[in-house]
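Close look at the chain arrangement
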Amino acid sequence: MTMDYNTSNCVISVGVTDYERSVAWYRDILGFDLVYELEEYGWCELKTPFNFNVGIGQTETVTPGNVTPTFGVKDIDAAIAHLREHDVQVEDWHEVGDMVRLSTFYDPDGTSWMLAQTLDGDKAGRA
């Protein structure tokens, strides 16, 4: 069994301490386009000129190196099962806004990675 990726969806998740300032910075300084925003969660995604989006998420503390690459998968339950079969530390998924299911997993050095399964077909390609 291998991971079944949703190859239209790769998001680099970045924690920020000032959500509004950071959204403006990525939009105005780097020229990224706002794709969508979930203000109640302190979250948005910005489209880059590359093959990935940047997700901005409000957090109390930012530690350098806190970026969490997020990969789209077609079936998060199957992906979690695959990782667990290989003794990977992986968290159960949680759902955000009836839009996406997310699960964090860790490499052997404890670096976090995330899986995302989009739930709404109209929002395909978003995490």
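The structure we're discussing is the one just above.
Since the model is a prediction, treat every value here as computed from it, not as a measurement.

1. Quick look at the pattern of salt bridges
Under the definition given, this model contains 4 salt bridges. A salt bridge links D28 to R27, with the shortest nitrogen-to-oxygen separation between them at 3.0 Å. One salt bridge in this structure joins R84 and D92, with 2.7 Å as the shortest N-O distance.

2. Some points on the layout of surface pockets
A volume near 320 Å³ is recorded for the largest pocket. In terms of lining, the largest pocket is formed by 16 residues, of which the most central are S13, W43, H94, L102 and M114. Counting only elements with at least two residues in the lining of the largest pocket, the list comes to β2 (33-38), β5 (68-73), β6 (94-96), β7 (100-106) and β8 (112-118). Ranked by residue count, the leading element in the lining of the largest pocket is β7, at 3 residues. Of the residues that constitute the lining of the largest pocket, the class distribution is 10 nonpolar, 6 polar and no charged.

3. Brief notes about a nonpolar patch on the surface
Together, W25, I29 and L30 line one region of the surface with nonpolar side chains, adding up to about 310 Å² of accessible area. Relative accessible area serves as the criterion here: at 40%, L30 is assigned to the partly exposed category.

4. A few points about helix α1 (residues 19-29)
Think of an α-helix as turning once every 3.6 residues; residues three or four places apart then point the same way. Of all the positions in α1, only Y19, S22, V23 and Y26 are classed as buried. Down the axis, α1 shows its buried residues gathered within 100° of arc, on one side only. Opposite the buried face of α1, at more than 90 degrees from it, the exposed residues are E20, R21, D28 and I29. Elements that come into contact with the buried residues of α1 comprise β1 (5-16), β2, β3 (43-47) and β4 (53-58).

5. Comments concerning the side chain of S103
Turning to its location among the elements, S103 is positioned in strand β7. For S103, a relative accessible area of 0% translates into the label buried. Of the polar contacts made by the side chain of S103, one reaches the backbone oxygen of E91; its length is 2.5 Å. Ignoring any residue separated from it by four or fewer positions in sequence, one finds S103 in contact with I76, I80, V90, E91, D92, W93, W113, M114 and L115.

Cut-off values and rules
- Chains are numbered independently. Their residues run from 1 in the order of the written sequence.
- For a predicted model such as this one, the threshold for reporting local features is a pLDDT of at least 70, and the threshold for listing and counting side-chain atom pairs is 80 or more; totals across whole chains, interfaces and linings nevertheless cover every residue.
- Excluded from the side-chain calculation are hydrogens and water; included are all heavy atoms of the structure.
- Salt bridge, as used here: a side-chain nitrogen of Lys or Arg that lies within 4 Å of a carboxyl oxygen of Asp or Glu.
- Only protein atoms enter the 1 Å grid used here. Points where a 1.4 Å probe fits but cannot escape make up a cavity, open sets with protein on both sides within 12 Å along at least five of seven lines make up a pocket, and a residue lines them when an atom lies within 4 Å of a point.
- Grid points are joined across faces, edges and corners, and a volume is the space filled by probe spheres set on the points.
- Secondary structure elements follow DSSP: runs of H or I of four or more residues count as helices, runs of E of two or more count as strands, with numbering from the N terminus.
- Each residue receives one of three labels: charged for Asp, Glu, Lys and Arg, nonpolar for Ala, Val, Leu, Ile, Met, Phe, Trp, Tyr, Cys and Pro, and polar for the others, Gly being one of them.
- Surface patches are defined over residues having more than 30% relative accessible area and no salt bridge, joining like charges when they lie within 9 Å and nonpolar side chains (Val, Leu, Ile, Met, Phe, Trp, Tyr) when within 5 Å.
- Surface exposure here means Shrake-Rupley accessible area, sampled with a 1.4 Å probe, where a residue is shielded only by the protein chains that are shown.
- Buried means the residue's accessible area, taken with a 1.4 Å probe over protein chains only, is under 20% of the maximum for its type, while exposed means over 50%, and partly exposed covers the values in between.
- Regarding the arc, it is the one traced by the directions from the helix axis to the C-beta atoms.
- Contact definition: two residues touch when any of their heavy atoms are within 4.5 Å.
- N or O atoms within 3.5 Å of each other form a polar contact, as long as, within protein, one can give a hydrogen and the other can take it, and as long as residues adjacent in sequence are counted only when both atoms are side-chain atoms.

Any functional reading would require information that these geometric values do not contain.
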